[in-house]
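# Descriptive structure summary
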Amino acid sequence: MNLEKVVFGFFVLLAATLNFGYVIGDISNPDLHNVYELYAAVAVNIIATILKFGDRTQIGAVHLATSLVASIQLIIAALVWIWGSQVDAAGLTDQHMASVVSIAAGALLANFVSVILLVVETVSFRRR
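### Examining the packing of helix α1 (residues 3–23) against helix α2 (residues 35–51)
It is the contact of α1 with α2, at a shortest axis distance of 9 Å, that shows an interaxial angle of 155 degrees. As summarised for this structure, α1 and α2 are arranged roughly antiparallel, according to the angle between their axes. The handedness of the crossing between α1 and α2 comes out as left-handed. Between α1 and α2, the residues in contact are Val7, Phe8, Phe11, Leu14, Ala15, Leu18, Asn19, Gly21 and Tyr22 and Glu37, Leu38, Ala40, Ala41, Val44, Asn45, Ile47, Ala48 and Leu51, respectively. Looking at the contact of α1 with α2, its residues break down into 14 nonpolar, 3 polar and 1 charged.

### Let's talk about the nonpolar core
Counting residues in each nonpolar core, the largest one holds 24 residues, and the members touching the most others are Tyr22, Val23, Leu38, Leu74, Trp81, Met97 and Val100. Elements represented by at least two residues in this core include exactly α1, α2, α3 (58–87) and α4 (94–126). Counting residues per element, this core draws most heavily on α4, which supplies 7 residues. In this structure leucine 74 touches Asn19, Leu38, Ala41, Val42, Asn45, Ala104 and Ala107, once residues within four positions along its chain are discounted. Among the nonpolar cores identified, the runner-up in size contains 5 residues, and Phe8, Val12, Val115 and Leu118 belong to it.

### A closer look at the packing of aromatic side chains
Within this structure, the stated rule accounts for 3 aromatic pairs. Each ring, one from phenylalanine 10 and one from phenylalanine 11, has its centre 5.1 Å from the other, and the planes form 85 degrees; the classification is edge-to-face. Since its relative accessible area comes to 46%, phenylalanine 10 is described here as partly exposed. With relative accessibility at 18%, the residue phenylalanine 11 sits in the buried group. Judged by centre distance (6.4 Å) and plane angle (50 degrees), the rings of tyrosine 22 and tryptophan 81 are tilted. Of the two residues, tyrosine 22 sits in helix α1 while tryptophan 81 sits in helix α3, which places them 59 residues apart along the sequence. Grouping residues by exposure puts tyrosine 22 and tryptophan 81 together as buried.

Reading the values: rules and limits
Residues numbered from 1 in each chain as written. Predicted model: local features only at pLDDT ≥ 70, side-chain atom pairs only at ≥ 80, totals over all residues. Heavy atoms only, no water. Axes fitted to C-alpha atoms, helices over the stretch in contact; angles between N-to-C directions. Helix = DSSP H or I, 4+ residues; strand = E, 2+ residues; numbered from the N terminus. Parallel < 35°, antiparallel > 145°, perpendicular 65-115°, else oblique. Left-handed = near helix turned anticlockwise from the far one by under 90°. Contact = heavy atoms within 4.5 Å. Nonpolar A, V, L, I, M, F, W, Y, C, P; charged D, E, K, R; others polar. Core = buried A, V, L, I, M, F, W, Y, C linked by side-chain atoms within 4.5 Å. Buried < 20%, exposed > 50% of the residue type's maximum accessible area, 1.4 Å probe, protein only. Phe/Tyr/Trp six-rings, centres within 6.5 Å; stacked < 30°, edge-to-face > 60°.

What follows is the structure, encoded as structure tokens:
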């Protein structure tokens with residue numbers, strides 16, 4: 001068993017599951033979307049992105065691209081949350097929350113593509 005592949009797979013799957021857990025629920029209800037779960041998703045996605053920098057294959061480049069997309073979208077979602085809760089005089093409104101969750105849902109799609117690539121890579125490796 002290759003420990004590097006285990007760690008890589010762990011962070012790819014953890015990034016996707018944290019993102020999925022954050023997105024689930026009514027899109028505009030802040031009570032259903034935990035800010036700490038969003039921050040954990042951001043942190044794990046950044047770690048997963050860093051782990052993908054060493055792969056020089058074509059599928060590695062696509063892995064990195066999906067991870068960069070997910071990380072950037074989650075960072076933007078966190079910034080919108082911060083803007084709504086700390087800067088905007090109206091506070092965290094339903095519109096802010098809907099924006100945060102919809103941006104995080106875009107990151108979720110990128111994470112799912114990354115998981116699919118991981119599965120395809122794993123299956124094709126076994127056939128060699």
